[in-house]
Amino acid sequence: MTVHLEVAEGVGTLRLDRPPMNALDVATQDRLKELAEEATRREDVRAVVIYGGEKVFAAGADIKEMQAMDHTAMVLRARGLQDSFTAVARIPKPVVAAVTGYALGGGCELALCADYRIAGENAKLGQPEILLGLIPGAGGTQRLARLVGPSKAKDLIFTGRQVKADEALALGLVDRVVPADEVYTQAHAWAARLAQGPALALRAAKEAVDTGLETGIDTGLAVERNWFAGLFATEDRERGMRSFVEEGPGKAKFL
């Protein structure tokens, strides 16, 4: 299999495993969707790390496979391509991308599906599709613009240039830069901390933020309002408030 789901201590690691560059062919895309949906369903997965290994995150689509596809074939495939990435973006749990080496094209788009991105000092990110006479097709034109703003996104998409970790951090494309050999450890620690949190409240927070970005502030406020009130019916809310009153802030245990 080209993608694996490994679960330990509440953290599920979606591990790309298609050496040497983790090229995202159709089979890998479909497997990614399958495992993202599994991570969504499993109660023992409370947070997720997306990881490509020590040397490379994902260098993009399988160009040889794409070259053999004509217009009709891609019309039939494009929805499946987007759906596989959307399945990752819609995991209703905290998701962090642990980015080492290249995260280009589809690899960059996969990182964009995470809630948080930790990059190694050796990371290079970009959307080089324009150099093939194409545009990003797995959500890059939408998620990148929402993350870094339209003008910065257009610069990266129009030029197809690669950015190193320090520039990616300055652009807001990644959230933290660490030594390459610490990427997975720090990403796992981020996920493990959140895996100890109130699962339903974390789900609510993610859905409220994402819905507001995808629709508008009025819809986002309605989602926020409904979740905020609804969480008053949960055991986690009772536990969190009781702990605050009796022990002080930040000491509640939700598992």
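Residues numbered from 1 in each chain as written. Predicted model: local features only at pLDDT ≥ 70, side-chain atom pairs only at ≥ 80, totals over all residues. Heavy atoms only, no water.

**Q** How should I be thinking about the environment of G106 in this particular structure?
**A** Relative to the helices and strands, G106 is located in helix α4 (residues 106–112). Taking the C-alpha atoms as reference points, G106 and P136, 30 residues apart in sequence, are found 7.7 Å from one another. (Helix = DSSP H or I, 4+ residues; strand = E, 2+ residues; numbered from the N terminus.)

**Q** Any chance you could explain the environment of K251 here in plain terms?
**A** Its location among the elements puts K251 in the segment after α11 (235–247). Taking the C-alpha atoms as reference, K251 lies 8.2 Å from G240; in sequence the two are 11 residues apart. Within the structure, the side chain of K251 is placed 3.3 Å from the backbone oxygen of E247, a separation counted as a polar contact. (Polar contact = N/O pair within 3.5 Å; in protein donor to acceptor, adjacent residues only side chain to side chain.)

**Q** What is the right way to read helix α5 (residues 140–148) from this model?
**A** Note that an α-helix has 3.6 residues per turn; residues three or four places apart therefore point the same way. Those residues of α5 that fall on the buried side of the exposure criterion are G140, L144 and V148. Projected down its long axis, α5 carries its buried residues within an arc of 20 degrees, all on one side. Looking at the buried positions of α5, the neighbouring elements they touch are α4, α6 (150–159) and α7 (165–171). (Buried < 20%, exposed > 50% of the residue type's maximum accessible area, 1.4 Å probe, protein only. Arc of directions from axis to C-beta. Contact = heavy atoms within 4.5 Å.)

**Q** Can you help me understand the sheet that holds strand β3 (residues 47–51) in this one?
**A** Backbone-to-backbone hydrogen bonds join strands into a sheet, with any given pair of strands oriented parallel or antiparallel. Taken in spatial order, the six strands make up an open sheet running β1-β2-β3-β4-β6-β9, and their pairing is mixed. The open sheet has two edge strands, β1 (3–8) and β9 (176–178), and neither has a second partner. Adjacent strand axes in the sheet meet at a mean angle of 20 degrees, parallel and antiparallel pairs treated alike. (Pairing = 2+ DSSP bridges. Axes fitted to C-alpha atoms, helices over the stretch in contact; angles between N-to-C directions.)

**Q** Explanation requested: the pattern of salt bridges in the structure shown.
**A** Oppositely charged side chains may form a pair once their charged atoms are brought near each other. Under the defined criterion, the tally for this structure stands at 14 salt bridges. For R31, the salt bridge is made with E34, and the minimal N-O distance between the two is 2.9 Å. Placement of both R31 and E34 in helix α1 (residues 26–41) is noted, with a separation of three residues, approximately one turn of the helix. The class for R31 is buried, based on a relative accessible area of 17%. Accessibility expressed as a relative area gives 42% for E34, which makes it partly exposed. A salt bridge links R90 to E214, with the nearest nitrogen and oxygen atoms 3.7 Å apart. Here R90, found in the loop between α3 (71–89) and β4 (95–99), pairs with E214, found in helix α9 (residues 199–214); they are 124 residues apart in sequence, far enough to count as distant. Residue class for R90 comes out exposed when judged on its relative accessible area of 52%. (Salt bridge = Lys/Arg side-chain N within 4 Å of Asp/Glu carboxyl O.)

**Q** Would you mind showing me how to read the side chain of S243 here?
**A** Mapped onto the secondary structure, S243 falls in helix α11. Classification of S243 by relative accessible area gives buried; the value is 6%. Those residues in contact with S243 that sit more than four places away from it in its chain are G248, K251 and A252.

**Q** So what exactly am I meant to see when it comes to the packing of α1 against α3 here?
**A** A pair of packed helices can be characterised by two numbers: the angle between their axes and the separation between those axes. As a packed pair, α1 and α3 sit with axes 8 Å apart at the nearest point and diverge in direction by 35 degrees. Seen from above, α1 lies across α3 with left-handed handedness. Seen from α1, the contacting residues are V26, Q29, D30, L32, K33, A36 and E37; seen from α3, they are R77, L81, D83, S84, A87 and V88. Its residues placed into classes, the contact of α1 with α3 shows six nonpolar, two polar and five charged. (Left-handed = near helix turned anticlockwise from the far one by under 90°. Nonpolar A, V, L, I, M, F, W, Y, C, P; charged D, E, K, R; others polar.)

**Q** What am I meant to see in the layout of surface pockets here?
**A** A probe as big as a water molecule, rolled over the atoms, marks out the empty space that is left. Of the voids in this model, the largest pocket is the one considered here, and its volume is about 670 Å³. If you trace the largest pocket, you find 25 residues lining it, with A89, L112, R143, R146 and E214 closest to the centre. Residue assignment for the lining of the largest pocket shows that the elements contributing at least two residues are α3, α5 and α9. Sort the elements by how many residues they give to the lining of the largest pocket and α5 lands first, with six residues. Here the residues of the lining of the largest pocket are counted per class, giving 10 nonpolar, seven polar and eight charged. (1 Å grid on protein atoms, 1.4 Å probe; cavity = no way out; pocket = protein on both sides within 12 Å on 5 of 7 lines; lining within 4 Å. Points joined across faces, edges and corners; volume = space filled by probe spheres on them.)

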